[in-house]
Amino acid sequence: MADSKVTSGGTSGGSSHVPWRIIQAAKGASFVVPFFCGFVFFVIIPIVMSFRVVVYAKQKSGLGLGEAKETFVGLANLIKAAQDTTFWVGFGRVALYGIIMVPVTQFLSMVMALLIDSVKAKTAGKFRILLLLPYMTPGVVQTIIWIYLYSPTTSPFRWTGINFFDSNMVWFSMGQMAVWAGLGFNMLIMYGSLQSIPGEVIEAARLDGASEVRIAFSIKVPYMVSSVTFTTLFAVIGTLQLFDQPYFFRSISPQTITKDFTPAMMIYNQAFQVGNINYATALSLLLALVLCIASIGVYALQGKVNKV
Amino acid sequence: MSTATIGNWMDKRRRDKAADQSGESTANQVKGTSKWLVLGLLVLLAFYAVAPLWWLVVAVTKSTSTIYRTNGLWFAGKFNLFQNLHDLFTYQNGVYSTWLWNTVWLSFVTSAGAMVITVAAGYALAKYNFWGKRLVMGLIMASFIIPGTLLTVPSFILFQKVGLYDNWWVMILPACFTPMDAYLAKVYAEGAVPDELMEAARIDGAGEYRIFTSISWRLMVTPAATIFLLHFVAAWNSFMWPMIFLKDYHKWTVMLGLQSWLARGTDSQYDLTMLVITGAFISMIPVVILMIAMQRYWKSGVTVGSLK
């Protein structure tokens, strides 16, 4: 179906141009073939498979010896997942954590972007690099550093006597680490949107006698709405799938961080420790559904903010 | 919207660069006493960002006997860095250097593969019309809403079937077909590769492949470098994926190895703390250097991502 849009100029004449155009389109399409094959194999097929896997269950025959047999169970796995208290408790944990963490991080990043925006370009450049250093650090190294900074043997805060891995403190400890790690990235994106404000607008406001704080709230913040939506969405999706950090903290404090601490940890545990792949797939689908709803929620919220 | 926005953004970057170089003041700048308040706050934030990393730098120079007893933020005792490095690279027959080498080449091959495949795909999607193009674009856009956790479990089943489990390729192939990158390359190609240029090349007798290999890819260096860098860092830092799919510890990457040492804490002769600290320090140097050197690209990468 190579149509005439292939060439913009349409300079080539002659009646033999139809097969030529088809060849051109085919060659063009061939650039996308490797990507598409891989995309189908590594993205589409796993998704399709998950819908097949979820309707089966492994059942051991007789005394639990012998080969496990796959039997069709319909929606049983999904229903069981939807009613699984452990999953929802874990979900509640990350949701509560997110409700506190995401606004705190976004607010601090906004302040940081506003601060950096209000100094000379040269100074801003220097601070930007320093503030971005945590973001450049690999996630595992970030976690290792903070685990040692929290650990009672190596912590510079040990004089305070706080146990950072205690069940009440562990969320604060992880949250603090996430703020530290995430500020730079959020700031960078928000700073980008501040840079797009025309200088005249701010000068005019200043001539009208608006204070710096007033300018920040009435002009700069509204410009940041779309980038804040993006960073919020990113943060929400990341938080609900939280895995690496609690997994690391678990190796230090297994009594507090249980194997089902977050939804992603529960999925990992079900799939690769317990070996119940079918049920783990049901849990993944459920988590994916919740993530979709959460993303739509963030977008809807932005729509409201924009109208105000 | 995308093409125009990226065009604006590129203009803006040019302006930023000019402002950076001249160090001239912009309208956004705050003056008077509040300037010192802003600088003070920025210094505090920069301290917060850098202090934990500084702790790591100081810690690698200490030894097992001083790390627990001295102030974390300043050097103390014997300068033990070289001994730590020696221990790190000789422990367990130098397994750390195996992990480091694995991480280097895997990251390199993965990002090179991802770059070539997705840039070609994005180019075709932007510059050619062919049968099935709408379907490919539709699938790419739809896949954006799929969270990573959903893919992990079915991928595990699939990879076991096709022999990718505990195989190097499991680290390389799945990352080469990221839909987001193909989208990024497409958006960029729409603005950067003029139809007229391709048409002129055709009139001069160049074939479609020739046009790509001698003209078009040169115009797409920016998205290519961005994709390369983002994948390199992602591959270098990845933890959950190799933990699930690589069993043999000779195939591990640095991050996985560090976690195993951290979780073990001590073995019969050794307190592993100094090994983890030194290993973490070494593992972050290449990515931090690369990210600082290629700032231009990843900053553009995250900004383009934010426009989605």
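Small disclaimer: the values here were computed from a predicted structure and weren't measured. (Residues numbered from 1 in each chain as written. Chains lettered and ligands numbered in written order. Predicted model: local features only at pLDDT ≥ 70, side-chain atom pairs only at ≥ 80, totals over all residues.)

S.K.: So, the overall build of chain A: which residues are in play, and what are the values?
M.R.: For chain A, the helix and strand inventory stands at 13 helices and two strands. Radius of gyration (C-alpha) of chain A: 26 Å, far over the 19 Å computed for a compact globule of 308 residues. Here chain A, with 308 residues, has 42% of them falling under the buried criterion. (Helix = DSSP H or I, 4+ residues; strand = E, 2+ residues; numbered from the N terminus. Rg over C-alpha atoms; globule rule 2.2 N^0.38 Å. Buried ≥ 20, exposed ≤ 12 C-beta atoms within 10 Å, placed from the backbone.)

S.K.: Would you mind going over the overall build of chain B in detail, with residue names and values included?
M.R.: If you tally the helices and strands in chain B, you get 15 helices and zero strands. Split into buried and exposed, the 308 residues of chain B put 43% on the buried side. The long-range fraction of contacts in chain B, counting pairs at least 24 apart against all pairs at least 6 apart in sequence, stands at 72%. (Contact = placed C-beta atoms within 7 Å.)

S.K.: Please provide a residue-by-residue account of the UniProt feature "transmembrane region" (unreviewed entry) in chain B, values included.
M.R.: All names here are of chain B. Mapped onto this numbering, the UniProt entry annotates "transmembrane region" (unreviewed entry) at residues 36-57, 104-126, 135-157, 219-239 and 272-293. End-to-end, the C-alpha atoms of residues 104-126 are 33 Å apart, and along that stretch the chain is 100% helix and 0% strand. As a span, residues 219-239 carries 86% helix and 0% strand, and end to end its C-alpha atoms are 34 Å apart. (UniProt positions renumbered as here; feature names shortened; annotations may be inferred.)

S.K.: Break down the UniProt feature "transmembrane region" (unreviewed entry) in chain A for me, with residues and values.
M.R.: Residues and elements named next belong to chain A. Here, UniProt's "transmembrane region" (unreviewed entry) annotation points to residues 31-55, 94-115, 127-149, 169-189, 221-243 and 279-301. Secondary structure content for residues 94-115 is 100% helix and 0% strand, and the end C-alpha separation is 30 Å. Regarding residues 279-301, the helix share stands at 100% and the strand share at 0%, and the terminal C-alpha atoms are separated by 33 Å.

S.K.: I'd like to hear about unusual backbone geometry, residue by residue, with values.
M.R.: The phi dihedral of Asn 93 of chain B falls on the positive side, at around 55°, and the residue is not glycine. Residue classification places Asn 93 of chain B among the exposed residues on the basis of 8 C-beta atoms within 10 Å.

S.K.: Can you lay out the environment of Ser 216 of chain B for me, pointing to particular residues and giving the numbers?
M.R.: Within the secondary structure layout, Ser 216 of chain B lies in helix H10 (residues 208-219). The residues touching Ser 216 of chain B, leaving out its near neighbours within four places in the chain, are Tyr 123, Val 193 and Ile 211 of chain B.

S.K.: Got a sec to walk through the interface of chain A and chain B? Specific residues and values, please.
M.R.: When the parts come together, some accessible area is lost, and that loss is often what is quoted as the size of the interface. Taken together, the 91 residues of chain A in the interface contact 89 residues of chain B. For the side of chain A that touches chain B, the leading source of residues is helix H2 (residues 33-53) of chain A, giving 13 residues. Taken together, the residues that form the side of chain A that touches chain B break down as 57 nonpolar, 25 polar and nine charged. (Nonpolar A, V, L, I, M, F, W, Y, C, P; charged D, E, K, R; others polar.)

S.K.: Pulling in residues and values, what's your account of the environment of Gly 275 of chain A?
M.R.: Residue and element names in this part refer to chain A. Looking at where Gly 275 falls in the secondary structure, it is placed in the loop between helix H12 (263-274) and helix H13 (277-307). In this structure Gly 275 comes out as exposed when scored by C-beta crowding, with 11 C-beta atoms within 10 Å. Along the sequence, Gly 275 and Lys 58 sit 217 residues apart, while their C-alpha atoms lie 9.9 Å from each other.

S.K.: Summarise the confidence of the model for chain B; cite the residues concerned and give the values.
M.R.: Residue and element names in this part refer to chain B. Within chain B, residue pLDDT values average 84, and 86% of them lie at 70 or more. When the criterion is pLDDT under 50, residues 1-13 qualifies, and its contacts beyond four places in sequence or with other chains add up to 14 contacts. Note on residues 19-25: pLDDT under 50 across the span, and 10 contacts to partners over four residues away in sequence or across chains. Both scores are available for the predicted complex, with the pTM at 0.85 and the ipTM at 0.85. (pLDDT = per-residue confidence, 0-100.)

S.K.: An account of the UniProt feature "domain: ABC transmembrane type-1" (unreviewed entry) in chain A is requested, with residue identities and associated values reported.
M.R.: Per the UniProt annotation, the sites labelled "domain: ABC transmembrane type-1" (unreviewed entry) are residues 91-298 of chain A. What you have in residues 91-298 of chain A is 77% helix and 0% strand, and the ends, taken at the C-alpha atoms, are 18 Å apart.

S.K.: Account for the domain arrangement of chain A, with residues named and values stated.
M.R.: Residues and elements named next belong to chain A. Entries for chain A in the domain assignment read domain 1 (4-75) and domain 2 (79-307). Inter-centroid distance (C-alpha atoms) of domain 1 to domain 2 is 34 Å. Every contact between the two is made by seven residues of domain 1 and, on the other side, seven residues of domain 2. Going through the elements one at a time, H2 and strand S1 (56-60) are the ones with two or more residues in the side of domain 1 that touches domain 2. For the side of domain 1 that touches domain 2, the element with the highest residue contribution is S1, accounting for three residues. Grouping the constituent residues of the side of domain 1 that touches domain 2 by class yields five nonpolar, one polar and one charged. (Domains from an automatic or database assignment.)

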